[in-house]
Amino acid sequence: MAEDPARTDTEGSGNTRPPAAPSPPEAPAAASAPAEPAAPPAPTARGLAHGARRLRERHARLSGANKLALYGLVCAALAYLTPLGQSLYSTLFPERAIALIVDPGNSPCLSSFVLTPGNEQLKNVIWSSDRRQVGRWESDGRIVHSGDAQIAVTVRGNVDKAAVIRDISLTVVGRSRPVAGEFVRGGGCGAEDDPEYLVVDLDTLPLNRAVPVSYLQHSPQQKAAKAAAAELGKPISLPKQVTTDGIYSFFLTGRSQKYDTRWVATVTWWDGEEDHVERIDNSGKPFRVSGRAR
């Protein structure tokens, strides 16, 4: 008879031992974890210096207007973060008590022009062109104010505080020989309001020296200019108070018979605490007026 596999070592002992439990299957090998990405190399001093140099180069290439816009954005962000930022923003970009609006007189209604050589064809279209197009021709030097340049200036009250216009000065910043070319006479379109006038004979003024309106209105050298202003309307009278939302308009007319003259003006005004000086020019460039070449 076959031996019972359940029985153990001693015959007839009556003890039995269960069969050994089977060994559990081996667990599969754990999958290897993905490797951690390598950390980016720490920036070196040379790399930081290169980056700083590139930022400086980009900053240097910005125009003055773009730099101011950038500084304004940075200061505006700081103003929301810290009290110091708010103070810095208020210092750099204070609320202005006045706003200046300058119309450089690029209208055939107000001005006569010299068409510089090669631009004679503009004679047929200048009267039907809008002021912006005439302004572009003037800015590009294709036309030049002839005899006089009549600049319309509007001072508007900007905040809840009155301002006082204390002075207006003119400065001749360049002279050369009169511009040669074809003359186109303007004028005769009428006026829409009754501003004040200041007419100045620029040929009598020194170079690169601001001349205040108080001198211009009493100088014997400006006698003819003063008479011309009186024919146009009321002469400029200062000081002038500009209240909130108030308007003060005046015309500056620079005349030149002997030269190709470049000039700018300034307005000095007081906000109740301190004086401010605002430049009046042709979109960042001097105004230009030329006598007629002989």
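These numbers come from a predicted model, not from an experiment. (Residues numbered from 1 in each chain as written. Predicted model: local features only at pLDDT ≥ 70, side-chain atom pairs only at ≥ 80, totals over all residues. Heavy atoms only, no water.)

Trainee: Is there a simple way to explain the overall build of the protein in this structure?
Mentor: Assigned secondary structure in the protein consists of 6 helices and 14 strands. Per-residue burial for the protein yields a buried fraction of 34% across its 294 residues. When contacts within the protein are restricted to residue pairs at least 6 apart in sequence, those whose partners lie at least 24 apart make up 77%. (Helix = DSSP H or I, 4+ residues; strand = E, 2+ residues; numbered from the N terminus. Buried < 20%, exposed > 50% of the residue type's maximum accessible area, 1.4 Å probe, protein only. Contact = heavy atoms within 4.5 Å.)

Trainee: What should I look at first to understand helix H6 (residues 223-232) in this one?
Mentor: In an α-helix there are 3.6 residues to a turn, and that puts residues three or four apart on one side. Buried residues of H6: Ala225, Ala228 and Ala229, and no others. All buried residues of H6 fall inside an arc of 100° around its axis, so they share one side. More than 90 degrees from the buried face of H6, the exposed residues found are Lys223, Ala230 and Glu231. For H6, the elements touching its buried residues are strand E7 (196-201) and strand E11 (247-255). (Arc of directions from axis to C-beta.)

Trainee: I'm lost on the pairing of strand E13 (residues 275-280) in this one. Help?
Mentor: Walk down a regular strand and you will see the side chains alternate between the two sheet faces. Residues His276, Glu278 and Ile280 line the buried face of E13, whereas the alternating positions Asp275, Val277 and Arg279 sit on a face that is not buried. Looking at chain direction, strand E12 (residues 260-270) and E13 are connected through 6 bridges and run antiparallel. Bridge pairing in E13 places Thr266 opposite Arg279. Linking two consecutive strands that pair antiparallel, namely E12 and E13, is a turn of 4 residues; a positive phi of about 100° is found at Gly272 within it. (Pairing = 2+ DSSP bridges.)

Trainee: Explain the pairing of E7 to me, please; I cannot follow it from the model alone.
Mentor: In terms of residue burial, E7 counts as a mostly covered element, since 6 of its 6 residues are buried. Of the two faces of E7, the one lined by Glu196, Leu198 and Val200 and the one lined by Tyr197, Val199 and Asp201 are each fully buried. In this structure, E7 lies alongside strand E9 (residues 234-235), joined through 2 bridges in parallel fashion. Note that in E9 the partner of Glu196 across the bridge is Lys234. Direction of pairing for E7 relative to E11: parallel, over a ladder of 6 bridges. Within E11, the residue paired with Glu196 across the bridge is Phe250.

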